[in-house]
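So you can see what is in the structure, the chains are spelled out below.
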Amino acid sequence: MTRRHFRIFIFYPLVALTLLVLLAWAVTPFIVKHYLSAYVEEQGQTLSLESLSIDYFPPRVEIENLEITDQSEKNLLLEQAAFEVSLWPLTSRTINIAQADISGLFIKVEQTENDLIVAGINTAQFTSTTQNEQSEIAEKTEAVYPNKPSQQVSPSEETETTEQQEPLDWSISLPLFTFNNSQLSLSRQASSSAPILLDEVTLESLIVKDLTASATNIQGDVALSAQLNNAKLSVSSQFDYFVNSAKATLNINGIQVPMESLRNFIPEPFNNTEGEFSLSGGLQLQLANLNGEPTFQINELNLNPIISNLTLNLDDSTQVTTKSFSLAITQSEITFESIDQILASGKIAIESAASSFALNSSQNGITAGYKEFSLSQSFSINKSTDKITANSSDLELNLNGISADQSSGESVTLESLFLTIKAIDVEIDEQESPILSLDELNLSAKNFDSFLAEDKRALSWREANIDKLSVSQTMDKFDIDLAQLNIADIVASENSLTSLAPMAKIGLLTVKDIQASQQGAEIDSVIVDNVNTYVVLNQDGEIANLIVDQSEQEENSNPPIPSEPQTDNDLNSQKDTNSDKLDNSTNKVSDSSSPFYVILNNYITTGDSSLSLQDNSVSPQIDMVLDVETLSLQNLNTLDKEQAADFVFKARNGKYATIANETTIWPLADELTMQTKLLIEEFDLPPFSPYIADTLGYQIDTGQLNLDLTLKSDQGILDGNTDVLLRRFNLGGQQESSTAVKTGAVPLNIAIGILKDSDDNIELDIPLSGDINNPEFGWKGFLVQPLRKALYKASSYYLMQTFVPYSNVISIAQFAGEQLLKVRVEPLVFAPMQTQVDDSQTAFLQELAQLMKEKEDSQLQACGVATHQDLGLSEVPDVLTADENSTALKLARQRSESLKEYLVKQDIASSRILICSPKVELSKSSQPSVELDF
């Protein structure tokens, strides 16, 4: 080749090409800036570009300080951007982006009711232009091919086409891409009347390392650090993607979200939520294609979300608050092979502090919360085609400072609760009933307290423990096994505003070996230690120290609304309805299963136990304390009709009085069937006078009771005997009652006095019998009336024998239907206007004198009586004149003085004969007489 040819064909073309490239390199920035400025101006904006550098060898673009403004308002800013592509790797079909950096990008975005404006440019123009262009293309196609049929592509042609369209074997390599210090300003206004919502998205750093991409694989490292308002996000990931599989590692370095930063994105009423949410953790993700079905597996899942100082308003009346709440998911794995094959396992830990829930309604407000809460457990879940199994193991739950309050005054508090469960298993099978099992639940709770009002304690206890509770359930069948239950220092029904003692105090309640099912329960033993009960009755006979719900008490006190009178048709209809109900009820009973049974092998009360009663409804007030020495129940079995239960009770009242009872009873007998023996010794009776005075008719002044009772009941038929010893038994004043003592009757106290022996005691042997099915049967009458009857029976025999020789003076009778003796001293009858005793009265006078001689301690009261006959009147006047009344009284007094004179002549001391004031009786049955009484 000659020099001339070299210059013409090589040198000059190279120089020209170089000059052309240099010219293009020199003018390209100006051309780009010109057209870019023109377009921005068309949008009503102003473009400012400090530097634009475009290189061809190697290809490189660099921009500095690009700014778009609108009336001095910044809509877009790019401080620096640089992109460079290496040429040499292109020879191996690799696009190597040697440099990719973006820094200081700011974009303003405005969204209105109808428009979206990005960097001052309304995007609505692009949407309308695109739609118009698509319409024009469709019209032109239809005009050229008006009847063009749709083409069907055969499988072979489709394969060929696919092969032709397979991408070339090119790859992309990006060693490093940085995008930092950038910001997106969001402004949203849903309507012209709505407020403008402002938010800022800040991209602190986006770094992509070692990114390679080909037709079959994409892999690389990504790290992102960004903010939304004050919410911060920092994550990193490594990924490796293939056509049929993928692997990725995600590390959540830190997510911190103040709730107010998301307020514009949260709907009402939740947008008023306050607090902070944070999240850290990581996971490994594997994706695969198994038999045409996508599968994925998550390994090393560790997540730790934390909520702090949360205030969440669910609605106008419901609020949830918490100082802190954290959830830790560790060592977890999830495998998804198909919708019918899912596996999950791992550990969960939850911690929370100072949380509360408040519900305020127009009628009542509820506030509940706790100071500390923690939960940890291991879990596994396995879902197959027709079965789901779930397991929780090593569960631990810890709660402290639990409380719940109502504005009406009710409240519940629990200082602490600690719960452990060895295992919980759940199995759900589409073909069978769900199965639930719980193994070894242990619970410890301390200082429980509940109030119905501020000062009205319903129930409290110091400590409660549940040991080794196991439960299994299938449908309506269940089995419960409990090793032991302990509750210490129980207090029930206490009003701190009064001096009244709480209704019950229990030192320790222990229940051992409980086995229960849907059919019944068996308990090995119940032990109650140091149980003290206090019952205080007010003047109305109501329990004064029983704490009740005031609202329920008011509802019960409201009288029922009277119903309208029923017609005959209504009554007939009601009878038919009741008949139908009875038939249905009968059918239900016949179809029902066996009743729930209870088996209690042993119940016993230990320690210093007592039963106390203060009764203010009677006078005098009763205060009694029984110190319980033994209280036991054995062999209670409602499953075995032939099984008898044994009850033993021993107590002491004061230092000396004792009560002992041993009873054997058959609980399932059709009627009352039992054997009992009751022994009472040295029991002082006056304190119980108000209870038995109504039956006896008298108060008890003094007396001590010894009682030995033996009683049997065979199907409700009672038979037994009572030996009674009454020491120094004396009655006081009469008691107004249904068995009031009648005029002229011998009082019970006289009858009792007759029966006393030389030691001032009364001994009685009383048979007992009765039928509890008799409508007139009552236990009070059954126990007290025989005693009263025996006293009168014994005393009546004595009186009959004593006063028969003086039948003219003394008459004795017994009131029918009542245990009262009528011992009456007959009056000395006179003829009208007679004032002196005569021979017609000799028999009466002699017996009266003899009776007073034998009863040397007796005193006779003589009261003269005058009538209208003594005044010579045949008819009874309505009223007497003063003279007539004076005359009659004088005559009556003369009669009593005449009797006294006669008895003194019979050697009766005058001091034993008492003359009372004379009287005048104006009635048809009145007789002139002297009434006598001892």
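Residues numbered from 1 in each chain as written. Predicted model: local features only at pLDDT ≥ 70, side-chain atom pairs only at ≥ 80, totals over all residues. Heavy atoms only, no water.

Student: Teacher, can you tell me more about the overall build of the protein here?
Tutor: The secondary structure content of the protein amounts to 10 helices and 39 strands. Relative to its full complement of 934 residues, the protein shows a buried share of 32%. Across the protein, every contact between residues at least 6 apart in sequence was considered, and the portion connecting residues at least 24 apart equals 57%. (Helix = DSSP H or I, 4+ residues; strand = E, 2+ residues; numbered from the N terminus. Buried < 20%, exposed > 50% of the residue type's maximum accessible area, 1.4 Å probe, protein only. Contact = heavy atoms within 4.5 Å.)

Student: Explain the environment of glutamine 621 to me, please; I cannot follow it from the model alone.
Tutor: Inspection of the secondary structure assignment puts glutamine 621 in the loop between strand S25 (609-615) and strand S26 (622-637). Separated by 84 residues in the primary sequence, glutamine 621 and leucine 537 have C-alpha atoms spaced 9.9 Å apart. A distance of 2.7 Å separates a polar atom in the side chain of glutamine 621 from a polar atom in the side chain of aspartate 623. (Polar contact = N/O pair within 3.5 Å; in protein donor to acceptor, adjacent residues only side chain to side chain.)

Student: Looking at this model, I keep getting lost on a negative patch on the surface. Mind explaining?
Tutor: Taken together, the side chains of Asp479, Asp481, Asp513, Glu522 and Asp524 define an acidic patch exposed on the protein surface. If you list the elements that add at least two residues to the negative patch, you get strand S21 (477-495) and strand S23 (520-537). Its location among the elements puts aspartate 524 in strand S23. Accessibility expressed as a relative area gives 33% for aspartate 524, which makes it partly exposed. (Patch = residues over 30% accessible without salt bridge, like charges linked within 9 Å, V, L, I, M, F, W, Y side chains within 5 Å. Areas by Shrake-Rupley, 256 points an atom, 1.4 Å probe, with all protein chains shown as cover. Salt bridge = Lys/Arg side-chain N within 4 Å of Asp/Glu carboxyl O. Lys, Arg positive; Asp, Glu negative; His and termini not counted. Charge placed at Lys NZ, Arg CZ, Asp CG, Glu CD.)

Student: How should the nonpolar core be read in this particular structure?
Tutor: One broad trend across soluble globular proteins is that nonpolar side chains are buried collectively. Among the nonpolar cores identified, the biggest contains 30 residues, and Leu397, Leu417, Leu419, Leu441, Trp461, Leu509 and Val526 are the most heavily contacted of them. Broken down by element, this core gets its largest block of residues, five residues, from strand S19 (residues 435-453). Leaving out residues up to four positions away in the same chain, leucine 419 has contacts with Leu395, Glu396, Leu397, Leu441, Asn442 and Leu443. By size, the runner-up hydrophobic cluster in this structure holds 28 residues, among which are Ile659, Ile762, Leu764 and Ile766. (Core = buried A, V, L, I, M, F, W, Y, C linked by side-chain atoms within 4.5 Å.)

Student: Looking at this structure, I do not really get the state of the cysteines. What am I missing?
Tutor: Where two cysteines share a covalent bond between their sulfur atoms, that bond is called a disulfide. Enumeration over the complete set of coordinates arrives at one disulfide. Across the disulfide from cysteine 863 sits cysteine 916; the S-S distance is 1.7 Å. Linking cysteine 863 in strand S36 (residues 860-866) with cysteine 916 in the loop between strand S37 (913-915) and strand S38 (919-920), this pair joins segments that are 53 residues apart in sequence. For cysteine 863, a relative accessible area of 10% translates into the label buried. (Disulfide = S-S within 2.5 Å.)

Student: Honestly, the pattern of salt bridges in this entry has me stumped. Any pointers?
Tutor: Close approach of charged atoms allows side chains with opposite charge to pair. Counted by the stated rule, this structure contains 17 salt bridges. A salt bridge links aspartate 708 to lysine 677, with the shortest nitrogen-to-oxygen separation between them at 2.9 Å. Of this pair, aspartate 708 sits in strand S30 (residues 698-714) while lysine 677 sits in strand S29 (residues 674-684), and the two are 31 residues apart along the sequence. Judged by relative accessible area, lysine 677 falls into the partly exposed class, the value being 40%. Note that arginine 895 is salt-bridged to aspartate 870, the shortest N-O span being 2.5 Å. Within this pair, whereas arginine 895 is found in helix H10 (residues 882-905), its partner aspartate 870 is found in the loop between S36 and H10, the two being separated by 25 residues in sequence. A relative accessible area of 5% places aspartate 870 in the buried class. Salt bridges linked by common partners bring Arg60, Glu62 and Glu84 together as one network.

Student: Looking at this structure, how should I read the pairing of strand S39 (residues 929-933)?
Tutor: Both faces of the sheet carry side chains from a regular strand, because those side chains alternate between them. Pairing of strand S35 (residues 828-829) with S39, which is carried by two bridges, proceeds in the antiparallel orientation. Looking at the pairing, valine 829 lines up with serine 929 of S39. (Pairing = 2+ DSSP bridges.)

Student: I tried to follow the packing of aromatic side chains on my own but got confused; where do I start?
Tutor: Where two aromatic rings form a pair, the distance of their centres and the angle of their planes describe that pair. Following the criterion strictly, the structure yields four aromatic pairs and no others. Measuring from centroid to centroid gives 6.3 Å for phenylalanine 177 and phenylalanine 179, while their planes differ by 65°, and the two rings are edge-to-face. Here the aromatic rings of phenylalanine 296 and phenylalanine 336 are separated by 5.1 Å at their centres, their planes lie at 10°, and the arrangement is stacked. Taken together, the positions of phenylalanine 296 in strand S13 (residues 293-313) and phenylalanine 336 in strand S14 (residues 318-338) put the pair 40 residues apart, joining distant regions of the chain. We note lysine 74 situated over the ring of phenylalanine 106; from NZ or CZ to the ring centre the distance is 5.2 Å. For arginine 188, the ring lying beneath its charged end belongs to phenylalanine 265, and the centroid distance is 4.4 Å. (Phe/Tyr/Trp six-rings, centres within 6.5 Å; stacked < 30°, edge-to-face > 60°. Lys NZ or Arg CZ within 6 Å of the ring centre and 35° of its normal.)

Student: Even after reading the chapter, I still don't get a nonpolar patch on the surface, so can you show me in this structure?
Tutor: Residues Tyr56, Phe57, Leu87, Leu90, Ile95, Trp170 and Ile172 make up a contiguous nonpolar surface patch of roughly 620 Å² in combined accessible area. With respect to the helices, strands and loops of the structure, leucine 90 is situated in the loop between strand S3 (73-86) and strand S4 (94-111).

Student: Would you mind showing me how to read unusual backbone geometry here?
Tutor: Outside of glycine, negative phi angles account for most residues, and trans bonds account for most peptide bonds. The residue asparagine 229 is not glycine, and still its phi comes out positive at about 55°. Here asparagine 229 lies in the loop between strand S9 (217-228) and strand S10 (231-242). Even without glycine at this site, asparagine 635 takes up a positive phi of about 60°. For asparagine 635, a relative accessible area of 33% gives the class partly exposed.

Student: What exactly am I supposed to notice about H10 here?
Tutor: The α-helix winds at 3.6 residues per turn, so residues separated by three or four positions along the chain end up facing the same way. Taking 1.5 Å per residue, 24 residues should reach 34 Å; H10 reaches 35 Å between its end C-alpha atoms and fits that length. Residues of H10 that are buried: Ala888, Leu891, Ala892, Arg895, Ser896, Ser898, Leu899, Tyr902 and Leu903. Looking one or two residues beyond H10, the residue adopting positive phi is aspartate 907, at roughly 65°. (Expected span 1.5 Å × (residues − 1).)

Student: I tried to follow the side chain of threonine 295 on my own but got confused; where do I start?
Tutor: Tracing the backbone through its elements, the reader meets threonine 295 in strand S13. Judged by relative accessible area, threonine 295 falls into the buried class, the value being 12%. In this structure threonine 295 touches Gln286, Leu287, Ala288, Leu290, Phe336 and Glu337, once residues within four positions along its chain are discounted.

Student: What am I meant to see in the confidence of the model for the protein here?
Tutor: Note: predicted coordinates in regions of low pLDDT should not be interpreted at a detailed level. The predicted model of the protein averages 81 in pLDDT, with 79% of residues at 70 or higher. Least confident of the elements in the protein is helix H5 (residues 568-591), whose mean pLDDT is 45; most confident is strand S22 (residues 504-517), at 95. Note that pLDDT drops below 50 for residues 736-746; the model gives that stretch 29 contacts with residues more than four away or on any other chain. Segment residues 812-822: pLDDT under 50, and 35 contacts once partners within four positions in sequence are set aside and those in other chains are kept. (pLDDT = per-residue confidence, 0-100.)

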